[in-house]
Amino acid sequence: VDVPGLLPRRATRMFHADAYDCHDDSAYFLFVVRDPVERIKSAFLYDRPNSEHWLRENFPRYYERRKSYYLDCPFGLMDQMVYMGLHPQGLASEVCRKRAAAAMRGDLH
């Protein structure tokens, strides 16, 4: 379905556009605001590896960093990361709790 107008014409089917793709002479800017919890959940699920072998084969550059967070810590699911890594009485190790907090701040990637 084509929706008339400049915004739909410019933004339809736009996915993961470069964050700095606006030109100084642009007449219009598009700001997308997402629920922060949904954004964190999306990032968690997007980066989570299928297995250690898959991670090593497909992302050798990020292997150690992602392995330490997703595989060495008990964070197979987002709920586990929240309850075990972020909750004050979480059962994850101190190292994994620090990794969970760093992930929420955006320090890991």
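Details of the structure are given in the entry above.
Source: prediction; values computed, not measured. (Residues numbered from 1 in each chain as written. Predicted model: local features only at pLDDT ≥ 70, side-chain atom pairs only at ≥ 80, totals over all residues. Heavy atoms only, no water.)

J.: Any details on the state of the cysteines? Residues and values, ideally.
T.: Tallied over the full model, the rule gives one disulfide. Between Cys73 and Cys96 runs a disulfide, and the two sulfur atoms are separated by 2.0 Å. On the sign convention where negative means left-handed, the S-S torsion of about -95° between Cys73 and Cys96 marks this disulfide as left-handed. Here the residue Cys73 occupies a position in the loop between helix 4 (63-71) and helix 5 (78-86), and Cys96 occupies one in helix 6 (residues 94-105), the gap between them amounting to 23 residues. Given a relative accessible area of 3%, Cys73 falls into the buried group. Judged by relative accessible area, Cys96 falls into the buried class, the value being 5%. (Disulfide = S-S within 2.5 Å. Helix = DSSP H or I, 4+ residues; strand = E, 2+ residues; numbered from the N terminus. Buried < 20%, exposed > 50% of the residue type's maximum accessible area, 1.4 Å probe, protein only.)

J.: Residues and numbers for the environment of Ala100, please.
T.: Among the secondary structure elements, Ala100 is positioned in helix 6. Note on Ala100: relative accessible area 0%, which makes it buried. In sequence terms Ala100 and Phe75 are 25 residues apart; their C-alpha atoms lie 8.8 Å from each other. The residues touching Ala100, leaving out its near neighbours within four places in the chain, are Tyr69, Phe75, Met81, Gly85 and Leu86. (Contact = heavy atoms within 4.5 Å.)

J.: Please give an account of the packing of aromatic side chains that cites residues and values.
T.: The description of an aromatic ring pair rests on the distance of the ring centres and on the angle between the ring planes. Within this structure, the stated rule accounts for five aromatic pairs. Measuring from centroid to centroid gives 5.3 Å for Phe44 and Tyr70, while their planes differ by 50°, and the two rings are tilted. One end of the pair, Phe44, is in helix 2 (residues 36-47); the other, Tyr70, is in helix 4, and 26 residues separate them in sequence. Judged on exposure class, the residue Phe44 and its partner Tyr70 are both buried. Joined through ring pairs, the aromatic side chains of Phe44, Tyr69, Tyr70 and Phe75 make up one cluster. Positioned over the ring face of Phe59 is Arg66, at 4.7 Å from the centre of the ring. (Phe/Tyr/Trp six-rings, centres within 6.5 Å; stacked < 30°, edge-to-face > 60°. Lys NZ or Arg CZ within 6 Å of the ring centre and 35° of its normal.)

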